[in-house]
Structures are given as C-alpha cells and as structure tokens.
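The primary structure of each chain is shown beneath.
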Amino acid sequence: MGLKVDVRKLDLFNQMAKEGSGTVAENLGQLTGLDATVRTSQINFLDIEDVKTHIGDDKGVGIYVELNEPPYGYVLFLLDPADSKQMAGAMMGGMADPSEGEGFSDMERSAMQEIGNIMTSAFIDGWANVLETTIDMGTPNFVFGPADGIVDKMGGWPDSDLVFVVDSRITLDDGDLGMTVYTFPELEDLVALIQDIDLDTDVAVDTEASDILD
C-alpha cells in the first residue's frame, strides 16, 4: 500500500500523540504523588540505524508492551535506573526499602510493570478513541541493561528501513526524574489508521481515556 498521508491528518495524529503523552504524565503523577509534565513530544521518521543512535547504549530500565492490534508494534518506556528505583519506591508507598546496588528486587520490578501497564493503557486508549477502534495490548515486560539491547529484547528492530517513532519526554518534580516514551508502530498499519481519521476530530476531547485509576 502507499504511505502518502494527508498532512492535515498527520497534524491531527501529532496532536493525538501529544495529548496521549499528557495523559501519561497526569496518570504518572497520580501514581507516584509527584508532579509530572510533558517537556517535549515529537514525531520522527528515522532510518533504522538512526533510531539505534537516537536511543543510545547507556544502561537503562525499559518497560515495553506489545500492541496486538493495528497499528501493532510496541510502546517502550525508557528510564534511568536510579529514576526507576525512585519511581518504584513512590509507587510502593514506602512499603519496602530500595534494593541495594544496580539490581532490582521483585517488588520493584512488579511496581515498574504496573506503572507501565497503567501508563500504556492511558496512552493507547486515547489513540483508540480518536481512531475509532480498539487496540489490544499484551502484558508489560521489565528489562534492565544497555538501552539499545532493550529493543533487541523487545522483539528486535522492525524489518523496515524507515521507523516511525513518537518520542515524548516526561519529567517529574522539576526534572529530577524523567522517562522517554517511544512508540514503534508498524508503519503501513499506522498509515492506514491515520488515513481514516476524521478531519473534524476534536483531539483534545477524543484522547481522553477512561479514568483507569479509580
């Protein structure tokens, strides 16, 4: 199929990505009790080798979720290990002391997976509302190691020369903590969905996911 997209619909999708990131930040703040904001949110069409450079190889924590329906692909939350420990501690409400050293306890891993589950739901539900579809997702997976290796664990790099990445930077407490949200949809499936977006869509309203924290 062709990959041409009406630029107006692509702009709506860009708005959708930003609104979705804002919902993630709001839910993250509710989960941890910390003030969360979206610093940037941008769409990148990148060569596969550029994506590897974009992500880098510093050691990090990745929480990834596979999308089982169009646009398929993965959502990846990438965090600094120290930030991840602090976020997990906030999620656990001080019920356990942070684990020593670089590793993560089972409770910390479980807390981060739950954070990933709730945030992905908030992100993807908003997309599904705008696209007037359902997007089923798998269970969150926790990976600790070099950032570029996390993508290998995630299922490998997409079999495509060009990758569509929605890159959002979410910061907490004036930048003391932060995470980057990457979305790796299947390009052709995503384009098909974007082509079906109604130009009269009110993105700010339609991206409001159900309140999953109640």
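As a starting point, this report considers the structure included with it.

Criteria and cut-off values
Residues numbered from 1 in each chain as written. Predicted model: local features only at pLDDT ≥ 70, side-chain atom pairs only at ≥ 80, totals over all residues. Heavy atoms only, no water. Core = buried A, V, L, I, M, F, W, Y, C linked by side-chain atoms within 4.5 Å. Buried < 20%, exposed > 50% of the residue type's maximum accessible area, 1.4 Å probe, protein only. Helix = DSSP H or I, 4+ residues; strand = E, 2+ residues; numbered from the N terminus. Salt bridge = Lys/Arg side-chain N within 4 Å of Asp/Glu carboxyl O. Arc of directions from axis to C-beta. Phe/Tyr/Trp six-rings, centres within 6.5 Å; stacked < 30°, edge-to-face > 60°.

## Here we look at the nonpolar core
Point 1. In terms of nonpolar packing, the biggest core is built from 42 residues, with Leu28, Phe77, Met87, Met112, Ile170 and Met179 touching the most fellow members.
Point 2. Mapped onto this core, the elements with two or more residues apiece are helix H1 (7-32), strand S2 (59-66), strand S3 (74-79), helix H3 (81-92), helix H4 (106-131), strand S5 (162-172), strand S6 (177-184) and helix H6 (187-195).
Point 3. At 11 residues, H4 tops the list of elements feeding residues into this core.
Point 4. With 15 residues, the next largest nonpolar core counts Leu46, Ile55, Val165 and Phe184 among its residues.

## Description of the pattern of salt bridges
Point 1. On inspection of all chains with the given rule, the structure shows one salt bridge.
Point 2. Ionic pairing is found between Lys85 and Glu108, a salt bridge with its closest N-O pair at 3.6 Å. Remark: Glu108 occurs in helix H4 and Lys85 occurs in helix H3; sequence separation between them is 23 residues.
Point 3. Using a relative accessible area of 14% as the deciding quantity, one classes Lys85 as buried.
Point 4. Using a relative accessible area of 1% as the deciding quantity, one classes Glu108 as buried.

## Comments concerning the environment of Ala17
Point 1. Looking at the element boundaries, Ala17 is found in helix H1.
Point 2. As for Ala17 and Trp127, which are separated by 110 residues in sequence, their C-alpha atoms are 7.8 Å apart.

## Regarding the environment of Leu172
Point 1. Inspection of the secondary structure assignment puts Leu172 in strand S5.
Point 2. Note: C-alpha distance between Leu172 and Arg39 (133 residues apart in sequence) is 9.9 Å.

## Quick notes on H6
Point 1. Residues of H6 that are buried include every one of Leu187, Leu190, Val191, Leu193 and Ile194, and no others. Viewed along the axis of H6, the buried residues span an arc of 160 degrees, placing them on a single side of the element.

## Concerning helix H2 (residues 48-55)
Side chains of residues three or four places apart in an α-helix project in the same direction, reflecting 3.6 residues per turn.
Point 1. For H2, the complete set of buried residues consists of Ile48, Val51 and Ile55. Buried positions in H2, seen along its axis, are confined to an arc of 45 degrees and lie on one side of it.
Point 2. The first or second residue beyond H2 is Gly56, which carries a positive phi of 80 degrees.

## Considering the packing of aromatic side chains
Point 1. Here the structure, examined in full by the defined rule, presents four aromatic pairs.
Point 2. Considering the side-chain rings of Tyr64 and Tyr74, the 6.0 Å spacing of their centres and the 75 degrees angle between planes classify their relative orientation as edge-to-face. Taken together, the positions of Tyr64 in strand S2 and Tyr74 in strand S3 put the pair 10 residues apart, joining distant regions of the chain. The exposure classification of Tyr64 matches that of Tyr74, with both residues buried.
Point 3. Ring geometry for Phe104 and Phe142: centres 5.3 Å apart, planes at 65 degrees, overall edge-to-face. Here Phe142 lies in strand S4 (residues 141-146) and Phe104 lies in the loop between H3 and H4, a separation of 38 residues in the sequence.

## Some words on unusual backbone geometry
Point 1. With an omega of 15 degrees, the peptide bond running from Pro70 to Pro71 counts as cis.
Point 2. By the element assignment, Pro71 lies in the loop between S2 and S3.
Point 3. Positive phi values are uncommon outside glycine, yet Tyr72 reaches one of about 55 degrees.
Point 4. Residue Tyr72 is classed as partly exposed on the basis of its relative accessible area of 33%.

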